[in-house]
Amino acid sequence: MINDKYLILVNWENPCRPVKRDALIPVSGVLLESEAAENLKNLLISINAAEKITAVSGWRSVTEQRRIWDDSVKENGMDFTRKYVAAPRHSEHHTGLAVDLALKKDRIDFICPDFPYEGICQEFRQNAPMYGFVERYPENKRHITKIFHEPWHFRYVGRKHALIMTTENLTLEEYLNAL
């Protein structure tokens, strides 16, 4: 199970080789790995959220991640950027397995989108494990993930893994250690 392609660990210590764009499929305006895309689509349909929740970001190339990093440093400073933006080759978005979501509004913050713990967003969060997604950076696990709380960032790990991780309140790092 540790070699499962959906359990790839990407963080400050573990860079990744980005998947190629042509290996991905579109869903909700972003590109994701095919199984992740299908499950995201089905989850949004199951809770009738296609018109209420929008995908802000899915797969990103290294070039795009570099632009986001550089723009954030210029606009927000290095401190903020290191808290909320992964360095190029250290972003889960390179895998096609991560998606940032937002409550649909006229204005959406690309770096820190609004995805509250209530209403349709909370319904998404509660149903996410049944479709293979976990909230990747919970508030109380920053000491483990080394990433600030991101209630909008979801990672596809597969249904079985997501259900166990959620039931046991484990981050991907903790889950991989347990395996």
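Residues numbered from 1 in each chain as written. Predicted model: local features only at pLDDT ≥ 70, side-chain atom pairs only at ≥ 80, totals over all residues. Heavy atoms only, no water.

> What is the right way to read the confidence of the model for the chain from this model?
As a general rule, the predicted coordinates of low-pLDDT regions are not to be interpreted in detail. Mean pLDDT over the chain: 94, with 98% of residues reaching 70 or higher. The element-level mean pLDDT for the chain is lowest in helix 3 (residues 78-84), coming to 89, with helix 4 (residues 119-127) highest at 98. (pLDDT = per-residue confidence, 0-100. Helix = DSSP H or I, 4+ residues; strand = E, 2+ residues; numbered from the N terminus.)

> How should the pattern of salt bridges be read in this particular structure?
Where charged atoms from two side chains of opposite charge approach closely, those side chains can pair. The final tally for this structure, using the stated rule, is 12 salt bridges. The partner of glutamate 38 in a salt bridge is lysine 41, and the shortest N-O contact between them spans 3.5 Å. In this pair, glutamate 38 and lysine 41 both sit in helix 1 (residues 34-46), 3 residues apart, roughly one turn of the helix. A salt bridge links arginine 60 to aspartate 100, with the shortest nitrogen-to-oxygen separation between them at 3.3 Å. One end of the pair, arginine 60, is in the loop between strand 3 (53-57) and helix 2 (62-76); the other, aspartate 100, is in strand 4 (residues 98-103), with 40 residues separating them in the sequence. Both residues of the pair, arginine 60 and aspartate 100, belong to the buried class. (Salt bridge = Lys/Arg side-chain N within 4 Å of Asp/Glu carboxyl O. Buried < 20%, exposed > 50% of the residue type's maximum accessible area, 1.4 Å probe, protein only.)

> I'm lost on empty space enclosed by the protein in this one. Help?
Gaps between atoms show up when a probe of the same size as a water molecule is rolled over them. Throughout the structure, instances matching the rule amount to 1 cavity of 30 Å³ or more. Empty space within the largest cavity amounts to approximately 230 Å³. Forming the walls of the largest cavity are 22 residues, and the residues nearest its centre are Tyr84, Val85, Ala86, His93 and Glu150. Mapped onto the lining of the largest cavity, the elements with two or more residues apiece are helix 2 and strand 6 (150-156). (1 Å grid on protein atoms, 1.4 Å probe; cavity = no way out; pocket = protein on both sides within 12 Å on 5 of 7 lines; lining within 4 Å. Points joined across faces, edges and corners; volume = space filled by probe spheres on them.)

> I would appreciate a short explanation of the layout of surface pockets in the present structure.
Roughly 310 Å³ of volume is contained in the largest pocket. In this structure, the largest pocket is lined by 18 residues; those nearest its centre are Val134, Glu135, Pro138, Thr166 and Asn169. The set of elements that each furnish at least two residues to the lining of the largest pocket consists of helix 4, strand 5 (133-137) and helix 6 (159-167). Per-element tally for the lining of the largest pocket: the top contributor is strand 5, with 4 residues. Classifying every residue of the lining of the largest pocket by side-chain character gives 10 nonpolar, 5 polar and 3 charged. By volume, the second largest pocket amounts to about 180 Å³. Residue lining of the second largest pocket: Lys5, Ile8, Arg17, Val19, Ala23, Leu24, Glu33, Thr95 and Leu97, and that is the complete set. (Nonpolar A, V, L, I, M, F, W, Y, C, P; charged D, E, K, R; others polar.)

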